[in-house]
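Close look at the chain arrangement
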Amino acid sequence: MKIGFVFDTILYKKNDDYFGMTLTYDFFKARYLDKIDKMSIITRTQDISLSSGNIDGYRITNGKNVDVNPIHYYNRIPDAFLKRKKIKNELTNQLIKCDKVIIRMPSMLGILACDICEKAAIPYMIEMVACAWDGYNNHTNKVGKLIAPFMYFSTKKCVSKCNYVLYVTSKFLQKRYPSSGKQFSCSDVSLCDLNESVLSSKINAIDNFDEKKFSLCTLANVGMKYKGHIYVLKVMKKLKKDGYNIKYYLAGNGDQSYLKKIIKKYNLSDNVEFLGSLPHDKVFNLLDRIDIYIQPSLQEGLPRALVEAMSRGCCCIGSNVGGIPELLDKEFIFKRKKTKELYKILKNLTKEDVIKQGQINFEKSKMFGKQFLDNKRNSIYI
């Protein structure tokens, strides 16, 4: 059986291979290949020479029984409208070769794929991983705001009539994008085995926590403004005037130029370090040595990075978007963009808070353990 996998991302091509940050061969092997024979990854691609930022953490996508089939006519958001017919023809040619299709949404390719599968009677399911409205309304490209209403209503229509929908949240996406078909809830997180020694080591490290000198970390593309890094920087600027010495580690691919201008403007050059894209093992090493993880996003589904931080016993702070309120205690959640609320949380943070929240988060993260989620996914995909 051949399964098509449609998602609107960019894989980077080097010679005959393709590389991605989350859509890697290991991801497909662990998630799908024990249930099916072959996968066709249908998405946008770009030559690796055109990539911006640090992509050292990118890993190969194609491999045994996993092929990448590029959509050549879709390079920029306007192409989805100006070259719609050509893109749809390319998609159709790929999808009719598949026995079934998994469509990851929100995405422009996903909207087109749903229509093609309906008309060609190709069985398909939707994996709903984020909010179309929040994602496009906060897009780094100004065109995103213009098409946000179209993406929201089109996505809502696709999900409403799909026979099988998997949501990565427990409540948020289900409420905003209801379906009349069969619904499943399962996070997209991939955690290594949870070991109590990780929590013990974290608590020991926090024993030296200084309430005016601590480290923060965000794992997200630094070129995407909707990830909300700037709001942390605004709070750091204010706290620095109050005598705080905070170190902020930014791990993730993307164009750093915008944030670097803000950092210089706020006189925070000595307080912020860009780490680029990190392999998974180095991500966990980073989480083990920082004091607090922060997810200041303007939009999310259920952020995997936040769950990973919870699994390392980190005290976590997040904005009130997407599935974040499903994960964290309300005292550690602030309204998106509301720097006064974030300032208050950081200002009042104590060593006891950091230890207690680390323990609470570690226990909550057990709901996202590999074996538990693998069993859940098996019942869904089979």
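Procedures and definitions
Residues numbered from 1 in each chain as written. Predicted model: local features only at pLDDT ≥ 70, side-chain atom pairs only at ≥ 80, totals over all residues. Heavy atoms only, no water. Patch = residues over 30% accessible without salt bridge, like charges linked within 9 Å, V, L, I, M, F, W, Y side chains within 5 Å. Areas by Shrake-Rupley, 256 points an atom, 1.4 Å probe, with all protein chains shown as cover. Salt bridge = Lys/Arg side-chain N within 4 Å of Asp/Glu carboxyl O. Lys, Arg positive; Asp, Glu negative; His and termini not counted. Charge placed at Lys NZ, Arg CZ, Asp CG, Glu CD. Helix = DSSP H or I, 4+ residues; strand = E, 2+ residues; numbered from the N terminus. Buried < 20%, exposed > 50% of the residue type's maximum accessible area, 1.4 Å probe, protein only. Pairing = 2+ DSSP bridges. Contact = heavy atoms within 4.5 Å. Axes fitted to C-alpha atoms, helices over the stretch in contact; angles between N-to-C directions. Right-handed = clockwise from strand over helix to strand, strands pointing away. Core = buried A, V, L, I, M, F, W, Y, C linked by side-chain atoms within 4.5 Å. Phe/Tyr/Trp six-rings, centres within 6.5 Å; stacked < 30°, edge-to-face > 60°. Lys NZ or Arg CZ within 6 Å of the ring centre and 35° of its normal.

**Observations concerning a positive patch on the surface**
Where like charges cluster on the molecular surface, the positive patch consists of Lys 234, Lys 237, Lys 241 and Lys 265. No other element matches the three residues that helix 9 (residues 229-241) contributes to the positive patch. If you trace the backbone, Lys 234 turns up in helix 9. Judged by relative accessible area, which is 36%, Lys 234 ranks as partly exposed.

**Considering the sheet that holds strand 10 (residues 213-219)**
Spatial ordering of the open sheet is given by 12-11-10-13-14-15, a layout of six strands whose pairing is parallel. Where the open sheet ends on each side, the last strands, each with one partner, are strand 12 (272-276) and strand 15 (333-334). Inspection of the sheet shows strand 14 (residues 315-319) paired to strand 15 by two bridges, in the parallel sense. Paired with Ser 319 across the bridge in strand 15 is Phe 334. Along the sheet face, helix 9 touches strand 10, strand 11 (245-251), strand 12 and strand 13 (292-295) and points at about 165 degrees away from the line of strand 11. Along the sheet, helix 11 (residues 280-289) contacts strand 10, strand 11, strand 12 and strand 13; its crossing angle with strand 10, the most-contacted strand, is approximately 155 degrees.

**Considerations on the pairing of strand 13**
Neither face of strand 13 is open: one carries Ile 292 and Ile 294, the other Tyr 293 and Gln 295, and all of them are buried. Both strand 10 and strand 13 contribute to a ladder of two bridges, which runs parallel. Residue Cys 217 lies in a different strand from strand 13, and its bridge partner there is Tyr 293. This β-α-β element, strand 13 to helix 12 (residues 304-311) to strand 14, shows right-handed connectivity.

**Re the nonpolar core**
A general trend in soluble globular proteins is that nonpolar side chains are found buried together. Within the largest apolar cluster, 94 residues are counted, with the highest numbers of intra-cluster contacts made by Met 39, Leu 95, Ile 126 and Tyr 293. The element best represented in this core is helix 4 (residues 108-120), accounting for eight residues. Filtering out sequence-adjacent residues up to four positions away, Ile 126 remains in contact with Ile 103, Met 105, Cys 114, Cys 158, Val 159, Cys 162, Tyr 164, Val 165 and Leu 166. Counting 36 residues, the second largest nonpolar core, distinct from the first, contains Val 232, Tyr 248, Leu 259 and Ile 345.

**Concerning the packing of aromatic side chains**
Any pair of aromatic rings gets described here by the distance separating the centres and the angle formed by the planes. Evaluation of the coordinates by the stated rule reveals twelve aromatic pairs. Ring plane angle 70 degrees and centroid distance 4.9 Å describe the contact between Tyr 152 and Phe 153, whose orientation is recorded as edge-to-face. Put simply, the rings of Phe 5, Phe 27, Phe 28 and Tyr 32 touch in pairs and so form one group of aromatic residues. If you follow Arg 44 out to its NZ or CZ, it ends over the ring of Tyr 74, 4.8 Å from the centre.

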